[in-house]
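# A closer look at the structure
Next come the chains, spelled out residue by residue.
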Amino acid sequence: MYYLGIDVARLSCECAIIGNDGESVCKPFGISVNKDEYSRLIHKLKKLNIPRDELICGLEATGNLW
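Residues numbered from 1 in each chain as written. Predicted model: local features only at pLDDT ≥ 70, side-chain atom pairs only at ≥ 80, totals over all residues. Heavy atoms only, no water.

## As for the pattern of salt bridges
By the definition in use, this model includes 1 salt bridge. Across the salt bridge formed by R40 and E37, the nearest N and O atoms sit 3.2 Å from each other. Of the two residues, R40 and E37 both sit in helix α1 (residues 35-47), 3 residues apart, roughly one turn of that helix. By relative accessible area, which is 19% here, E37 ends up buried. (Salt bridge = Lys/Arg side-chain N within 4 Å of Asp/Glu carboxyl O. Helix = DSSP H or I, 4+ residues; strand = E, 2+ residues; numbered from the N terminus. Buried < 20%, exposed > 50% of the residue type's maximum accessible area, 1.4 Å probe, protein only.)

## Considering the pairing of strand β2 (residues 12-19)
The two faces of the sheet receive side chains in turn, since in a regular strand these alternate between them. Only one face of β2 is buried, namely the one carrying C13, C15, I17 and G19, since none of S12, E14, A16 and I18 on the opposite face is buried. When strand β1 (residues 2-8) meets β2, the two strands line up antiparallel, connected through 7 bridges. Residue pairing across strands places I6 opposite C15, the latter belonging to β2. Taking the residues between adjacent antiparallel strands as the criterion, β1 and β2 are bridged by 3 residues. With 4 bridges joining them, β2 and strand β3 (residues 29-32) adopt antiparallel strand pairing. Across the sheet, residue S12 finds its bridge partner in β3, namely S32. (Pairing = 2+ DSSP bridges.)

Note that all results are geometric; they support no functional claim without further evidence.
Shown next, in the form of structure tokens:
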């Protein structure tokens, strides 16, 4: 199982991917809040060979953005 944590902000998000062993799968990275950057996130997940059914995503509930 893999875990994608997303720290939500108004203009950008910080992302971290952790494996079942609690170790980072890659260096944490940021994305801007737009369609191209979300596509970049999906591409990164595919590049890391992380199957959809083995990924749990969690988003931080932040003020009015949650």
